[in-house]
Structures are given as C-alpha cells and as structure tokens.
Amino acid sequence: YQCDWSSDVCSSDLAGVVAAAAGLALLGTLMTALRESLAEEHDRLPAIVCLVVASSGVSVVGIGAAFWALAAGLVVRAVLPGPTAPKSDRASVAP
C-alpha cells in the first residue's frame, strides 16, 4: 500500500529546502558586497539607504524599488559633503 499524501508532503518540503539552500548560497555574495560598499566611510550612509530602499520593495508610478534605491543612494551621496584630504603633519617650509 502506497500513501498518496507522502508525495505531496515531499514536493512541498522540497521547494522550501531549495529556497533555503539558494539563500545560504547567496550569503557569501551578500557579505562581500556589504563589506565592499561599507568600506569607505563616505560611502556608508548612501549604501545603507540604497539597501533599505531596495529591500522595502517600494513601487512609485509603476517604477520598482531597484530604481528608487539607486536614486535615493545617489541623492544621499550628492547631499553629503565629500571626503576631506588628509592633513600633513609636517609644516610646509618655503625655500
């Protein structure tokens, strides 16, 4: 005697396992992308704003979150002051 419900349970569980495995496989890529985008202090806030807007899934006027995330990140980067040049420890001496 073969149970018919077992094939339904296995096929529904398999979809969850595949999604979990794909998510775990992408964790390394996500960590590398976050490390690179947050490495420079000047780029941290725009990168975080971009990530938050993209994760929100917002859609305005039929335009998806990917566009608005890029636009928000660029606006934040344009508004923030640029990085400052490092100051020299030596006093300049005129010849």
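Residues numbered from 1 in each chain as written. Predicted model: local features only at pLDDT ≥ 70, side-chain atom pairs only at ≥ 80, totals over all residues. Heavy atoms only, no water.

### As for helix α2 (residues 41-56)
The end-to-end C-alpha distance of α2 is 24 Å, a good match for the 22 Å that 16 residues give at a rise of 1.5 Å each. Along α2, the residues classified as buried are His42, Pro46, Ala47 and Val53. Along the axis of α2, the buried residues cluster in a sector spanning 130°; they form a single face. Pointing more than 90 degrees away from the buried face of α2 are the exposed residues Glu41, Val52 and Ser55. Trailing α2 by a residue or two, Gly57 shows a phi angle of about 75°, which is positive. (Helix = DSSP H or I, 4+ residues; strand = E, 2+ residues; numbered from the N terminus. Expected span 1.5 Å × (residues − 1). Buried < 20%, exposed > 50% of the residue type's maximum accessible area, 1.4 Å probe, protein only. Arc of directions from axis to C-beta.)

### Here's the deal with the pattern of salt bridges
Enumeration over the complete set of coordinates arrives at 1 salt bridge. In this structure, the salt-bridge partner of Arg77 is Asp43, at a minimum N-O distance of 3.0 Å. Of this pair, Arg77 sits in helix α3 (residues 65-79) while Asp43 sits in helix α2, and the two are 34 residues apart along the sequence. Looking at Arg77, the relative accessible area reads 41%, which means it is partly exposed. (Salt bridge = Lys/Arg side-chain N within 4 Å of Asp/Glu carboxyl O.)

### Topic: the environment of Leu74
Structurally, Leu74 can be placed in helix α3. For Leu74, a relative accessible area of 52% puts it in the exposed group. As for Leu74 and Val49, which are separated by 25 residues in sequence, their C-alpha atoms are 9.5 Å apart.

### So, a nonpolar patch on the surface
On the surface, a cluster of nonpolar side chains totalling about 430 Å² of accessible area is made up of Leu24, Leu27, Leu30, Leu34 and Leu51. The element that contributes the greatest number of residues to the nonpolar patch is helix α1 (residues 5-37), accounting for 4 residues. For Leu34, the position within the fold is in helix α1. For Leu34, a relative accessible area of 31% corresponds to the partly exposed category. (Patch = residues over 30% accessible without salt bridge, like charges linked within 9 Å, V, L, I, M, F, W, Y side chains within 5 Å. Areas by Shrake-Rupley, 256 points an atom, 1.4 Å probe, with all protein chains shown as cover.)

### Re the confidence of the model for the protein
Mean pLDDT over the protein works out to 79, with 73% of the residues at or above the 70 mark. Ranking the elements of the protein by mean pLDDT puts α1 last, at 77, and α3 first, at 93. (pLDDT = per-residue confidence, 0-100.)

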